[in-house]
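# Structural features, examined
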Amino acid sequence: MEEYELGKISYIMTLVWISIFWQGFSIGVIGLIFEVSSLFSNAVSILGLPVVPILAVIFFGDKMDCIKVVAMVLATWGFLSYTYQHYLDHESESELKNIIVNNEALKASSG
């Protein structure tokens, strides 16, 4: 704590707020697992990864280096891939339901 450049109060406040937000994050992730799925919970967690370096740059004056940018791009890409695959699955499911409904309507009208 003595080596922290911003002082003892800043060090303690950083630890307190990290613990508060970590608890909120944990409760939210567990809620997502129980309500939706663990895969969706992981996708939402990955979406939060690019936010942390941006906030560190804004509030702590941290340097944005190449590794952070690559990590943010990959995390965003992973979330967008998950979202797009979910969209494709939903579209194919909707098309399949339409085909089934149309086939049942044809059978009912011809029979």
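Computed from a predicted structure; not experimentally measured.

Time to look at the overall build of the chain. Of regular secondary structure, the chain possesses four helices and zero strands. When the helices and strands of the chain are placed in sequence order, the string is α-α-α-α. For 111 residues, the compact-globule estimate of 2.2 N^0.38 gives 13 Å, and the C-alpha radius of gyration of the chain, at 23 Å, exceeds that figure by more than 25%. Taken over the C-alpha atoms alone, the chain extends approximately 85 × 30 × 15 Å along its principal axes. Taken over 111 residues, the chain has a buried fraction of 8%. Working note: accessible area of the chain is about 9200 Å², and carbon and sulfur atoms make up 70% of it. One finds the centroid of the 5 positive side-chain charges in the chain at a distance of 2 Å from the centroid of its 11 negative side-chain charges.

Counted according to the given criterion, the structure contains one salt bridge. A salt bridge links D62 to K68, with the shortest nitrogen-to-oxygen separation between them at 2.4 Å. On the basis of relative accessibility, which here comes to 21%, the residue K68 falls in the partly exposed class.

What follows is about the packing of aromatic side chains. Tallying each qualifying case throughout the model produces four aromatic pairs. Centroid distance W17 to F21: 5.9 Å. Interplanar angle 35°. Geometry classified as tilted. Remark: F21 and W17 occur in helix α1 (residues 8–35); sequence separation between them is four residues, near one turn of the helix. Taking the relative accessible area as the measure of exposure, W17 reaches 43% and is therefore partly exposed.

Moving on, we get to the confidence of the model for the chain. Averaged over every residue, the pLDDT of the chain is 83; residues scoring 70 or more account for 97%. Across the chain, the secondary-structure element scoring lowest on mean pLDDT is helix α2 (residues 38–48), at 80, and the one scoring highest is α1, at 88.

Take the side chain of S41 next. Inspection of the secondary structure puts S41 in helix α2. Setting aside chain neighbours within four positions, we find S41 in contact with V29, L32 and I33.

Moving on, we come to a nonpolar patch on the surface. A surface patch of nonpolar side chains, about 960 Å² in accessible area, is lined by L6, V51, I54, L55, I58, F59, F60, M64, V69 and V73. Within the residue set of the nonpolar patch, elements represented by two or more residues are α3 (51–60) and α4 (66–110). Looking at the nonpolar patch element by element, the count peaks at six residues for α3. Along the polypeptide, F59 turns up in helix α3. The class of F59 is exposed, set by a relative accessible area of 62%.

Moving on to the packing of α2 against α4. Remark: α2 packs on α4, axes separated minimally by 8 Å, with the N-to-C direction vectors making an angle of 145°. Judged by the sense of rotation from one axis to the other, the crossing of α2 with α4 is left-handed. Contacts between α2 and α4 pair L39, F40, A43, I46 and L47 from the former with A75, F79 and Y82 from the latter. Grouping the constituent residues of the contact of α2 with α4 by class yields eight nonpolar, no polar and no charged.

Definitions and limits used
- Residues numbered from 1 in each chain as written.
- Predicted model: local features only at pLDDT ≥ 70, side-chain atom pairs only at ≥ 80, totals over all residues.
- Heavy atoms only, no water.
- Helix = DSSP H or I, 4+ residues; strand = E, 2+ residues; numbered from the N terminus.
- Rg over C-alpha atoms; globule rule 2.2 N^0.38 Å.
- Buried < 20%, exposed > 50% of the residue type's maximum accessible area, 1.4 Å probe, protein only.
- Areas by Shrake-Rupley, 256 points an atom, 1.4 Å probe, with all protein chains shown as cover.
- Lys, Arg positive; Asp, Glu negative; His and termini not counted.
- Charge placed at Lys NZ, Arg CZ, Asp CG, Glu CD.
- Salt bridge = Lys/Arg side-chain N within 4 Å of Asp/Glu carboxyl O.
- Phe/Tyr/Trp six-rings, centres within 6.5 Å; stacked < 30°, edge-to-face > 60°.
- pLDDT = per-residue confidence, 0-100.
- Contact = heavy atoms within 4.5 Å.
- Patch = residues over 30% accessible without salt bridge, like charges linked within 9 Å, V, L, I, M, F, W, Y side chains within 5 Å.
- Axes fitted to C-alpha atoms, helices over the stretch in contact; angles between N-to-C directions.
- Left-handed = near helix turned anticlockwise from the far one by under 90°.
- Nonpolar A, V, L, I, M, F, W, Y, C, P; charged D, E, K, R; others polar.

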